[in-house]
Amino acid sequence: MYAIEVYLRSSPQVVYNRMLQRNRPEESGVSLEYLTDLHQHYEAWLMEGDPASLPAPVLVLDVDQDLQQVTQMYARLQQCLLERRSINKGRFQISLRGDQLCF
């Protein structure tokens, strides 16, 4: 077994719009400004820093896509990870091209 970090990368505006659509009471007080600040901190930590300083390999999934594409990408990623014995330390952008999972 190995440790990995999975960064579900999304723009603050997309996250905010999805929260508005869900209309959950517990999310009603979350502002776009807060999401933007949080996004900037995660970007600085996971995307702009030295990959060697990260605590584990980071798999970056672009979740600005529609839910069906994200679900499909996640299912393929899950299968791919179950077949691997290890992942080198670093940062890996994950994308779905056709039926291929690329990273």
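Residues numbered from 1 in each chain as written. Predicted model: local features only at pLDDT ≥ 70, side-chain atom pairs only at ≥ 80, totals over all residues. Heavy atoms only, no water.

1. Topic: the pairing of strand β2 (residues 58-62)
Here comes step 1: Taking burial as the measure, the five residues of β2 include four buried ones, the bulk of the element.
Here comes step 2: Pairing between strand β1 (residues 5-9) and β2: five bridges, direction parallel. The residue of β2 that forms the bridge with V6 is L59. (Buried < 20%, exposed > 50% of the residue type's maximum accessible area, 1.4 Å probe, protein only. Helix = DSSP H or I, 4+ residues; strand = E, 2+ residues; numbered from the N terminus. Pairing = 2+ DSSP bridges.)

2. Brief notes about the packing of aromatic side chains
Here comes step 1: If you walk through the whole model with that rule in mind, you get two aromatic pairs.
Here comes step 2: Between Y7 and Y42, the aromatic rings sit 6.0 Å apart at their centres with planes inclined by 20 degrees, giving stacked as the arrangement. Placement of the pair is Y7 in strand β1 and Y42 in helix α2 (residues 32-48), with a sequence separation of 35 residues.
Here comes step 3: One aromatic cluster is present, formed by Y7, Y42 and W45 through successive ring pairs. (Phe/Tyr/Trp six-rings, centres within 6.5 Å; stacked < 30°, edge-to-face > 60°.)

3. Here's the deal with the confidence of the model for the protein
Here comes step 1: In this model, the protein carries a mean pLDDT of 84, and residues with pLDDT of at least 70 account for 84%.
Here comes step 2: Looking at the elements of the protein, mean pLDDT is at its lowest for strand β4 (residues 100-102), recorded as 55, and at its highest for helix α1 (residues 12-22), recorded as 96. (pLDDT = per-residue confidence, 0-100.)

4. Points about the environment of S11
Here comes step 1: Residue position: S11 is located in the loop between β1 and α1.
Here comes step 2: C-alpha separation for the pair S11 and V63, spaced 52 residues apart in sequence, amounts to 8.7 Å.

5. With respect to the side chain of E43
Here comes step 1: Along the polypeptide, E43 turns up in helix α2.
Here comes step 2: Setting aside residues up to four positions removed in sequence, E43 forms contacts with Y7, R9 and E48. (Contact = heavy atoms within 4.5 Å.)

6. As for a nonpolar patch on the surface
Here comes step 1: Where nonpolar side chains cluster on the molecular surface, the patch consists of Y34, L38, Y42 and W45 and spans about 400 Å² of accessible area.
Here comes step 2: Its location among the elements puts Y34 in helix α2. (Patch = residues over 30% accessible without salt bridge, like charges linked within 9 Å, V, L, I, M, F, W, Y side chains within 5 Å. Areas by Shrake-Rupley, 256 points an atom, 1.4 Å probe, with all protein chains shown as cover. Salt bridge = Lys/Arg side-chain N within 4 Å of Asp/Glu carboxyl O.)

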